[in-house]
Amino acid sequence: MMTSRRQFLQSSLLATGALALPRTMLAGGTVSRRAAGGRVVSTWDFGVGANAAAWPVLARNGAALDAVEAGARWAESDLCNSTVGHCGYPDRDGVLTLDASIMNGDGSCGGVGAIEDIEHPVSVARAVMEKTPHVLLVAHGAQEFAISQGFAKKPLLTDEARKAWREWLKTSEYKPKMNVERTRIPGDEHNHDTLGILALDAHGKLAGACTTSGMAWKMHGRVGDSPIIGAGLYADNEIGAATASGVGEEMIRNSASFLVVELMRQGRTPREACRGAIERVVQKRPAASKNLQVCFLAINRHGEVGAYALHPGFVYAMHDATPGPHDKLIAAESIYGGGVVR
Ligand code: ASP
């Protein structure tokens, strides 16, 4: 059964008791407390579940790399929604293809693009990183490599996703939805979004991962930003880490996650750096930027967190060891919306 974001958000918040809080959505901006024992942040409301899967690794002083892989694996198989993992919507030919990457703050990284019928692309990305001389494998080659590493091949497309695709065929219009005010629309389904997850561990090391089924109804063979290091993900232990969600072509055009990290290197806070990358997207294609969503999330080596989006609606989840509710959903500011969705 497909879980809408709204339903997922409610069940996550209920599970964590966060609905008892006076405010479940906190104001955006840089979160500046230093987190002893580490911190994990993830994109969108489903980031709550990803963080919950990642946190036990950090809590036992494990590596940020293992934490982000655990979080992304949760999104790939435990979550059932239309934009990440096994319940994702297919391309315009009805084929579900998945993109993922993983990066360690020491510069090691791996990715897979347009892989089919493999449940955990993030772990295949990690295998690319650890067991090949390469960074990115795509399509059939990525699948062959995965099978050679012991990953099982299994059909992933759900009946619901197939039904949605058949419905889409009636108009065959490719129009990425912006998902503004997404978390307030009951039952609203979405045709893109990515789980991007960033962690700082107790040893002061950073890592990130992202995983997605990409843009629904994309052309067969299209690869988005998520498996491309520097576009959908970047991590550098000296500075910080960044990840992205939204229309991936914009992230690729602007090497956007790398840009966020480089802006932090120049002294900007994570929030300012994310805003700077959003401004670059607007500057490059002002007209196009009015009708599509782009979102960035960043953490620096001190554990400060920030985000920014083109349009309102982007939320991220944060989990650390500070006292109080451990699952915080934070709404990002946006260039066109001006403010924060509450
Ligand atoms: N960035 C993803 C892609 O372009 C989709 C998203 O995050 O909304 O494939």
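Residues numbered from 1 in each chain as written. Predicted model: local features only at pLDDT ≥ 70, side-chain atom pairs only at ≥ 80, totals over all residues. Heavy atoms only, no water.

Draft legend 1. How the structure looks around the site of the ligand. The immediate surroundings of the ligand are formed by His192, Asp193, Thr194, Gly214, Met215, Arg222, Gly224, Asp225, Ser245, Gly246, Val247 and Gly248. At a separation of 2.8 Å, an oxygen atom of the ligand approaches a polar backbone atom of Asp193. The separation between a nitrogen atom of the ligand and a polar side-chain atom of Asp225 is 2.7 Å. Summarising the interface, the protein chains cover 100% of the accessible area of the ligand, which totals 270 Å² for the free molecule. With respect to the detected pockets, the ligand is housed in the largest cavity. Residue composition of the shell around the ligand, grouped by class: 2 nonpolar, 7 polar and 3 charged. (Near = heavy atom within 4 Å. Polar contact = N/O pair within 3.5 Å; in protein donor to acceptor, adjacent residues only side chain to side chain. Areas by Shrake-Rupley, 256 points an atom, 1.4 Å probe, with all protein chains shown as cover. 1 Å grid on protein atoms, 1.4 Å probe; cavity = no way out; pocket = protein on both sides within 12 Å on 5 of 7 lines; lining within 4 Å. Sits in = over half its atoms within 2 Å of the grid points. Nonpolar A, V, L, I, M, F, W, Y, C, P; charged D, E, K, R; others polar.)

Draft legend 2. Fine view of the pattern of salt bridges. The tally for this structure, following the rule as stated, stands at 15 salt bridges. Arg126 is paired through a salt bridge with Glu130; the nearest N and O atoms lie 2.9 Å apart. Pair noted here: Arg126 and Glu130 are both in helix α4 (residues 121-131), with a separation of 4 residues, about one helical turn. Arg126 gets classed as buried once you look at its relative accessible area, which sits at 14%. One salt bridge connects Arg285 with Glu250, and the closest N-O pair in it is separated by 2.6 Å. Of the two residues, Arg285 is situated in the loop between α9 (270-284) and α10 (286-289) and Glu250 in helix α7 (residues 248-253); the sequence distance between them amounts to 35 residues. Taking relative accessible area as the criterion, Arg285 reaches 31% and is therefore assigned partly exposed. (Salt bridge = Lys/Arg side-chain N within 4 Å of Asp/Glu carboxyl O. Helix = DSSP H or I, 4+ residues; strand = E, 2+ residues; numbered from the N terminus. Buried < 20%, exposed > 50% of the residue type's maximum accessible area, 1.4 Å probe, protein only.)

Draft legend 3. Local environment of the pairing of strand β11 (residues 305-309). For β11, the buried fraction is high: 5 of the 5 residues fall into the buried class. Two strands pair when backbone bridges link them, and strand β10 (residues 294-300) and β11 are joined in this way by 5 bridges, in the antiparallel orientation. The residue bridging Leu297 from the neighbouring strand is Ala307, located in β11. (Pairing = 2+ DSSP bridges.)

Draft legend 4. Seen up close, the sheet that holds β10. The strand order across the open sheet built from 4 strands is β8-β9-β10-β11, with neighbouring strands paired in antiparallel fashion. Bordering the open sheet on either side are β8 (233-236) and β11, each of which pairs with just one other strand. Adjacent strand axes in the sheet meet at a mean angle of 10°, parallel and antiparallel pairs treated alike. With 4 bridges connecting them, β8 and strand β9 (residues 240-246) associate as antiparallel partners. (Axes fitted to C-alpha atoms, helices over the stretch in contact; angles between N-to-C directions.)

Draft legend 5. The state of the cysteines, seen in detail. For the structure on display, the rule yields 1 disulfide. Here Cys80 is linked by a disulfide to Cys87, with a sulfur-sulfur distance of 1.9 Å. In this structure, the disulfide formed by Cys80 and Cys87 twists by about -100° around the S-S bond and is classed as left-handed. Since its relative accessible area comes to 14%, Cys80 is described here as buried. Owing to a relative accessible area of 2%, Cys87 belongs among the buried residues under this scheme. (Disulfide = S-S within 2.5 Å.)

Draft legend 6. Expanded view of the environment of Leu233. As for its position among the elements, Leu233 is in strand β8. For Leu233, a relative accessible area of 0% translates into the label buried. Placed 23 residues apart in sequence, Leu233 and Cys210 show a C-alpha to C-alpha distance of 7.0 Å. In this view, Leu233 contacts Ser101, Ile102, Met103, Leu198, Gly208, Ala209, Cys210, Ile228, Ala242, Thr243 and Ser257; residues no more than four positions away in its chain are not counted. (Contact = heavy atoms within 4.5 Å.)

Draft legend 7. Broad picture of a nonpolar patch on the surface. On the surface, Val135, Leu136 and Val138 cluster together into a nonpolar patch covering about 210 Å² of accessible area. Take Leu136: it is sitting in strand β5 (residues 136-138). Using a relative accessible area of 36% as the deciding quantity, one classes Leu136 as partly exposed. (Patch = residues over 30% accessible without salt bridge, like charges linked within 9 Å, V, L, I, M, F, W, Y side chains within 5 Å.)

Draft legend 8. Geometry of empty space enclosed by the protein. Inspection of every chain in the model, using the stated rule, returns 1 cavity of 30 Å³ or more. A volume near 70 Å³ is recorded for the largest cavity. Lining the largest cavity are 14 residues, with Thr194, Thr212, Gly214, Asp225 and Gly246 sitting closest to its centre. In the lining of the largest cavity, the residues fall into 1 nonpolar, 9 polar and 4 charged. (Points joined across faces, edges and corners; volume = space filled by probe spheres on them.)

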